[in-house]
Amino acid sequence: MANVSHRSDITSHPDAAEMQDRYSRMLGGRDVALVDGPVFLLGLYCAVSPWILHYTTSQPALVPHNLIVGIAIGLLALGFTAAPERMYGLSWAMCALGVWMIISAWIVGDSPDAGVVVNNIIIGCLALLLGLVCAGASAKGGTRAGRTP
């Protein structure tokens, strides 16, 4: 077997510059590549939270509401992953969904208890925070979607 222990750094590889350029093109200059996963998980949790917290009978109106908003957040996350150069403009939509989730327990629900309110506030705050991170990175990037490598 060949001893390759002397190769500790890839920067001396002859194709290192080409590999870095290709990696940059694949990411599309995204600064928030690690935010897509948490956004998807947040959407998934929002969609199933009525069954996790067992408020399907006490707040029947919030069950389809949280399911639909959770699916919308999950679809935004999938869009951020699949077509980031087009989708990061919709980061503000996720911020709007976050604000809506914060107030929706009182608007859609029928005198919700503290657990339902806290759940929706936490989901809303996280969606708002992650949306602001995505929107801030998109704005900082100066519309990287319009640039060509």
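Residues numbered from 1 in each chain as written. Predicted model: local features only at pLDDT ≥ 70, side-chain atom pairs only at ≥ 80, totals over all residues. Heavy atoms only, no water.

Colleague: Describe the overall build of the protein, and please don't skip the residues or the numbers.
Modeller: For the protein, the helix and strand inventory stands at 6 helices and 0 strands. Mapped in sequence order, the helices and strands of the protein form the string α-α-α-α-α-α. Across the protein, every contact between residues at least 6 apart in sequence was considered, and the portion connecting residues at least 24 apart equals 64%. (Helix = DSSP H or I, 4+ residues; strand = E, 2+ residues; numbered from the N terminus. Contact = heavy atoms within 4.5 Å.)

Colleague: Lay out helix α2 (residues 36–52) with the relevant residues and their values.
Modeller: The first and last C-alpha atoms of α2 sit 23 Å apart over 17 residues, in line with the 24 Å expected at 1.5 Å per residue. At Cys46, α2 is deflected by roughly 35 degrees, the largest bend along its length, and proline Pro50 occurs up to four residues later in sequence. Of all the positions in α2, only Asp36, Val39, Leu42, Gly43, Cys46, Ala47, Ser49 and Pro50 are classed as buried. Tucked into the core, α2 has its buried residues touching α3 (62–82), α5 (91–107) and α6 (114–140). Just past α2, the residue His54 takes up positive phi, approximately 55 degrees. (Expected span 1.5 Å × (residues − 1). Bend = angle between axes of the 7 residues up to and from the residue. Buried < 20%, exposed > 50% of the residue type's maximum accessible area, 1.4 Å probe, protein only.)

Colleague: Summarise the confidence of the model for the protein; cite the residues concerned and give the values.
Modeller: Per-residue pLDDT for the protein has a mean of 82; in total, 80% of the residues score no lower than 70. Predicted confidence is poor over residues 143–149, with pLDDT under 50, and the contacts of this stretch with residues over four places away or in other chains come to 8 contacts. (pLDDT = per-residue confidence, 0-100.)

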